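# Chains, contacts and geometry: an overview
Spelled out, the chains give:
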Amino acid sequence: GGCQDCPLYATTSLAAATDLSQCACANGFVPSTNDSIAFDSTTSSGERFRCICPAGTDRRGDAQGNVVCGPCGSGTYKPEPNGQETTCEACPQQDAVGPIGATSEEQCGCPAGQYKDPLDASCRACPLGARCVDETVPTTLNLTTGRWRTDASSVKIETCVHPASCLGGVNTSGYCAAGHTGP
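Everything numeric in this text was worked out from a predicted model, so none of it was measured.

### Some words on the environment of leucine 128
- Inspection of the secondary structure assignment puts leucine 128 in the loop between β10 (123-125) and β11 (130-131).
- For the pair leucine 128 and valine 155, spaced 27 residues apart in sequence, the C-alpha to C-alpha distance is 9.6 Å.
- Apart from residues lying up to four places away in sequence, leucine 128 is in contact with Arg147 and Ile157.

Laid out in structure tokens, this is it:
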């Protein structure tokens, strides 16, 4: 008898709700399973369903003092929680950067002045003759004027024989100025 509380981080939209099946996760939380089975049901292991933060978010307080699911910050990520409450994890790279709300380690990147090596995901110093902004990878190296490279995945930057004829940039097929060709 009497009123029952909804599970933690859940609420009802009705003031006169009559059972747990009318509870819904609030403030960005999702049910601990991929389906929307009522909270008064149990999982196959006998656990009650609960509200957890989805991938790319974790529990935190908001300005009003409510507990909400907020996005992982730059340099952190949180994969699909698989029914368990987890927190955002730090990327493996020192001083890592990445998109807000990242959901995988693959989204972790390196800060300006470095690029992410695709072989081991480590951060390497930006090669001489290139500019590296946050989250640069070999295919997004921005070459300075007077430089070229053989293909988009190369980090070996060459100096042009005639520096004014090499435009630099990211596009490997557009390094040469009009009227010039190159290797």
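### Regarding the side chain of aspartate 117
- Its place among the elements puts aspartate 117 in the loop between β9 (114-116) and β10.
- Take aspartate 117: its relative accessible area is 12%, and that puts it in the buried class.
- Within the structure, aspartate 117 has its side chain in polar contact with the side chain of arginine 124 (distance 3.1 Å).
- Residue contacts for aspartate 117: discarding those within four places in its chain leaves Ser122 and Arg124.

### Topic: the packing of aromatic side chains
- Applying the stated criterion across every chain, the model contains 1 aromatic pair.
- Between tyrosine 9 and phenylalanine 29, the aromatic rings sit 4.3 Å apart at their centres with planes inclined by 0°, giving stacked as the arrangement. Taken as a pair, tyrosine 9 in the segment before β1 (10-11) and phenylalanine 29 in the loop between β2 (24-25) and β3 (30-31) lie far apart in primary sequence, 20 residues in all.

### Quick word on the environment of histidine 162
- Along the chain, histidine 162 turns up in the segment after β14 (158-159).
- Taking relative accessible area as the criterion, histidine 162 reaches 55% and is therefore assigned exposed.
- For the pair histidine 162 and histidine 180, spaced 18 residues apart in sequence, the C-alpha to C-alpha distance is 9.8 Å.

### As for the layout of surface pockets
- Quantified by volume, the second largest pocket comes out at close to 220 Å³.
- In terms of lining residues, the second largest pocket is bounded by 14 residues, among which Cys3, Gln4, Ala17, Thr18 and Asp19 are the most central.
- Each residue belonging to the lining of the second largest pocket can be placed in one class, and the counts come to 8 nonpolar, 4 polar and 2 charged.

### Here we look at unusual backbone geometry
- Positioned with a positive phi, tyrosine 9 is a non-glycine residue whose angle comes to about 70°.
- You will see that glutamate 135, though not glycine, has its phi angle at about 65°, which is positive.
- The residue glutamate 135 is located in the loop between β11 and β12 (142-143) in this model.
- Exposure remark for glutamate 135: the relative accessible area of 40% places this residue in the partly exposed category.

### A few points about the environment of alanine 55
- Looking at where alanine 55 falls in the secondary structure, it is placed in the loop between β4 (51-52) and β5 (57-61).
- Taking the C-alpha atoms as reference points, alanine 55 and threonine 103, separated by 48 residues in sequence, lie 5.6 Å from one another.

### Describing the state of the cysteines
- Going through the model one piece at a time under the given rule, you end up with 7 disulfides.
- For cysteine 25, the disulfide goes to cysteine 51, at an S-S distance of 2.2 Å. The S-S bond linking cysteine 25 to cysteine 51 shows a torsion near -95°; that makes this disulfide left-handed. Of the two residues, cysteine 25 sits in strand β2 while cysteine 51 sits in strand β4, which places them 26 residues apart along the sequence.
- The class for cysteine 51 is buried, based on a relative accessible area of 5%.
- Here cysteine 91 pairs with cysteine 108 through a disulfide, and the sulfurs are 1.9 Å apart.

Criteria and cut-off values
Residues numbered from 1 in each chain as written. Predicted model: local features only at pLDDT ≥ 70, side-chain atom pairs only at ≥ 80, totals over all residues. Heavy atoms only, no water. Helix = DSSP H or I, 4+ residues; strand = E, 2+ residues; numbered from the N terminus. Contact = heavy atoms within 4.5 Å. Buried < 20%, exposed > 50% of the residue type's maximum accessible area, 1.4 Å probe, protein only. Polar contact = N/O pair within 3.5 Å; in protein donor to acceptor, adjacent residues only side chain to side chain. Phe/Tyr/Trp six-rings, centres within 6.5 Å; stacked < 30°, edge-to-face > 60°. 1 Å grid on protein atoms, 1.4 Å probe; cavity = no way out; pocket = protein on both sides within 12 Å on 5 of 7 lines; lining within 4 Å. Points joined across faces, edges and corners; volume = space filled by probe spheres on them. Nonpolar A, V, L, I, M, F, W, Y, C, P; charged D, E, K, R; others polar. Disulfide = S-S within 2.5 Å.

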